2 protein chains.
Amino acid sequence: MNYLQCSKQELEQEYQSLKKLYEDEKGKGLSLNMARGKPGKAQLDLSLDMLDVVNSKSDFVGADKMDCRNYGILEGIEECRKLFGEILGVDYQNVMVGGSSSLNMMFDTISCLMTKPVVEGGKPWYEVENRKFLCPVPGYDRHFGITGYYGFEMIPIPMSEDGPDMDMIEKLTAEDDTIKGIWCVPKYSNPQGITYSDETVRRLANLKPAAKDFRIMWDNAYCIHDINDTPDELLNIYDECVKAGNEDLPLLFCSTSKITFPGAGVAAMAASPNNMKVFKERYNFQVISYDKLNMLRHVKYFGNYQGVLDHMQKHKAVLAPKFEIVLDTLESELVPVGIGTWTKPNGGYFVSIDVLEGTAKRVVALCREAGLVLTGAGATYPNGFDPKDANIRIAPSFPPNDELQLAMDVFCICVKLAAVEKLLEA
Amino acid sequence: MNYLQCSKQELEQEYQSLKKLYEDEKGKGLSLNMARGKPGKAQLDLSLDMLDVVNSKSDFVGADKMDCRNYGILEGIEECRKLFGEILGVDYQNVMVGGSSSLNMMFDTISCLMTKPVVEGGKPWYEVENRKFLCPVPGYDRHFGITGYYGFEMIPIPMSEDGPDMDMIEKLTAEDDTIKGIWCVPKYSNPQGITYSDETVRRLANLKPAAKDFRIMWDNAYCIHDINDTPDELLNIYDECVKAGNEDLPLLFCSTSKITFPGAGVAAMAASPNNMKVFKERYNFQVISYDKLNMLRHVKYFGNYQGVLDHMQKHKAVLAPKFEIVLDTLESELVPVGIGTWTKPNGGYFVSIDVLEGTAKRVVALCREAGLVLTGAGATYPNGFDPKDANIRIAPSFPPNDELQLAMDVFCICVKLAAVEKLLEA
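Residues numbered from 1 in each chain as written. Chains lettered and ligands numbered in written order. Predicted model: local features only at pLDDT ≥ 70, side-chain atom pairs only at ≥ 80, totals over all residues. Heavy atoms only, no water.

Caption draft 1: Highlighting the interface of chain B and chain A. Counting from both sides, the interface comprises 58 residues of chain B and, opposite them, 58 residues of chain A. When the two sides are added together, the surface that chain B and chain A hide from each other amounts to roughly 5100 Å², 54% of it contributed by carbon and sulfur. Here B:Asp45 ties to A:Arg69 by a salt bridge, and the two come within 2.7 Å at their closest N and O atoms. Summed over the shared surface of chain B and chain A, the number is 19 residue pairs in polar contact (both at pLDDT 80 or more). In terms of residue count, the dominant contributor to the side of chain B that touches chain A is helix α5 (residues 102–115) of chain B (seven residues). Residues that form the side of chain B that touches chain A fall into these classes: 26 nonpolar, 16 polar and 16 charged. (Contact = heavy atoms within 4.5 Å. Buried area = accessible area lost by both parts, 1.4 Å probe. Salt bridge = Lys/Arg side-chain N within 4 Å of Asp/Glu carboxyl O. Polar contact = N/O pair within 3.5 Å; in protein donor to acceptor, adjacent residues only side chain to side chain. Helix = DSSP H or I, 4+ residues; strand = E, 2+ residues; numbered from the N terminus. Nonpolar A, V, L, I, M, F, W, Y, C, P; charged D, E, K, R; others polar.)

Okay, here's the thing in structure tokens:
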């Protein structure tokens, strides 16, 4: 029965039956969590041996001839820069390796440009009234959090299956020099799992923004994070920008948080020499050097880029069944009732679902009451405001598979219950 | 022969003989470094076993019941907060554990207050024209680097053996609300090794600054870093501030960089709940969580605070002979010629020497030419400007003892040569 074609009476019957199912689930005293893109225990166990490769008997001297146990080398050890150079697709000399969080490097980047100009004669963004940032939606709440914290007006840019709406981006950036940047998760986007098309990457690389200090925040968090055997390919934005004479446009970020240990991995950024000069001036005052022992640990464990790719196959094996559980349950429970549209990503950490308009908040509340924590409704929009109140991000990685199935069962009941409630109101 | 009492002829003879000694040293092709407070290899080896305590067979669940391999716990794991609470002398609930660098936490603190007010109705410091910071001199170049980067006018405050000139600090802060803070290394100060007297700490704690957002940057980098058996005692500033109703005045910092591994240790800060609320709001957008595996590594290795103190005894055993070499050489070479005054610290990482006025730059240049790298002359003053061109910071920790003796020999020749040159000019 497609809810949208049901009579009021049919909906009322369905409501009673869903209500009973829901109360049954609530009675189970569940405690489930699909809120964040946290790897599960089985994924953490994949990198356990990395903890043994740097030990009391190790040689701590790397390619730079420095003892990695001591201060020194602001931009990180050479071997690690080279590894991230391959992951990000840039010359290692444009790479800086930081602490354990790429989010922190992105925050530092925005923080830097708030008080220092990135182009000669430019204005620190703090001094730009009505400063704005472009935010493809749905997107990553922590990105929006940073520009929100720094007082940017955030302009939502609709996503299509090719990436953000380039017509809109080209028009806005050409006209308005208070627009200072755009947040991008270009491969397996958070939350939709969309990979930007070649045309989207080329159009981004060829932007001619009115603001000379407009920057593309290219958070390649899921660059090698496939979950099946038909992975997406992402065009190399740095190369495209160089071709377009726009080398200073992109700032690239990634980390091993979802390769080795979340929050205890290694993060890196890459940028043109002009950009890096501004950031390194700041880093030079900010820190003596980041944790080189952890860099060494990663480099020794993986050996080389191929080692990282091989390792990612193991993550894929753990994650693939989880995405199957999510997609199969959505398919069997929601397709028959005609409620919800969702993405079927080839990688990343999320499934993005649009439930019946006006019910996302209600779904999340119902789930919470039944013991299932989801990402807050609206979190995928700047300032937490989803104008359609429809989008919900599902993060299937953390729960064990049996709990995930339980969680998805509860979730689908709540999606249906909220939909029937809403339709009955009308 | 005291140079200051020599005839011109005697000085000329001495010049010839020093010049020959100097050329001999230069001919040796030395490559020595006393520039930075870097622990030496023997010190790094003291903590080697720490690298084995977190391994593939470890239990990663701490007091917070969280898997330390995964995201979570912004303020750091409870055990580690408690350990730093003891080190800093504050309740652990006022402690936040960060990444591997306390300098980074100090930078983030200033950076935070540049764009967000720390008191209700206050102005972000970016908006304060002619903003100023108090800088006890000689002091730590990297502190001055941070406030220099952020455009503060830096006011030098002379140090005495009791700490910075409190009369001056009380007067200035009472009058001028554009003075926003003071940099302090209260125990075994960098570079003089001075520990603030009880009276100095109490007067700092009782300050009544015109600026409600004046803050004391209390960098307790050497809080447990004694080098002999007559260690200094530092009064607890947090307790004194609470007594004075000035709980929001101090911001405390420290790290294990000079306890375990420089740049790969763990850093922490402590502050009142009012302050911490402002900083945590920022951290909440900046990062998901810092490296909990490294926190766990430290906690497991030390067991408790006594374990840290026991460990520091081993550092003392390595460092004590180095300070003896420095002080003995200064004594035997410079006392007879009446040149130079220096400190004899009970802890820390430096010996601060004032050479003949107007010769510090020359000494550093002569040393460099002879293959000995020192901290740049003037580095211990804001903007690198030592008005007397007299102060040089000696960092004896890094070179092995035989190299350190060579370095000190070269250093004393250069101090004497520069002095004689200067006296001949007069």
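Caption draft 2: Quick look at helix α7 (residues 166–175) of chain A. All names here are of chain A. Burial in α7 covers these residues: Met166, Ile169 and Thr173. In a view along the axis of α7, the buried residues occupy a sector of 55°, so they form one face of it. Exposed side of α7, more than 90 degrees from the buried face: Asp167, Lys171 and Glu175 are the residues found there. Of the surrounding secondary structure, the elements contacted by the buried residues of α7 are β3 (132–137), β4 (153–160), β5 (163–164), β6 (179–184) and α8 (198–205). N-cap assignment for α7: the residue whose side-chain oxygen lies 3.1 Å from the backbone N of Asp167 is Asp165. (Buried < 20%, exposed > 50% of the residue type's maximum accessible area, 1.4 Å probe, protein only. Arc of directions from axis to C-beta.)

Caption draft 3: Main features of the packing of helix α12 (residues 305–334) of chain B against helix α14 (residues 401–425) of chain B. Residue and element names in this part refer to chain B. Two elements in contact, α12 and α14, have axes whose closest approach is 10 Å; the angle formed by their N-to-C orientations is 30°. With respect to α14, the element α12 is oriented roughly parallel. α12 and α14 meet at a crossing whose hand is right-handed. Across the interface between the two elements, Pro321, Lys322, Ile325, Val326, Thr329, Leu330, Glu333 and Leu334 from α12 touch Asn401, Leu404, Gln405, Met408, Asp409, Phe411, Cys412, Val415 and Lys416 from α14. Classifying every residue of the contact of α12 with α14 by side-chain character gives ten nonpolar, three polar and four charged. (Axes fitted to C-alpha atoms, helices over the stretch in contact; angles between N-to-C directions. Parallel < 35°, antiparallel > 145°, perpendicular 65-115°, else oblique. Left-handed = near helix turned anticlockwise from the far one by under 90°.)

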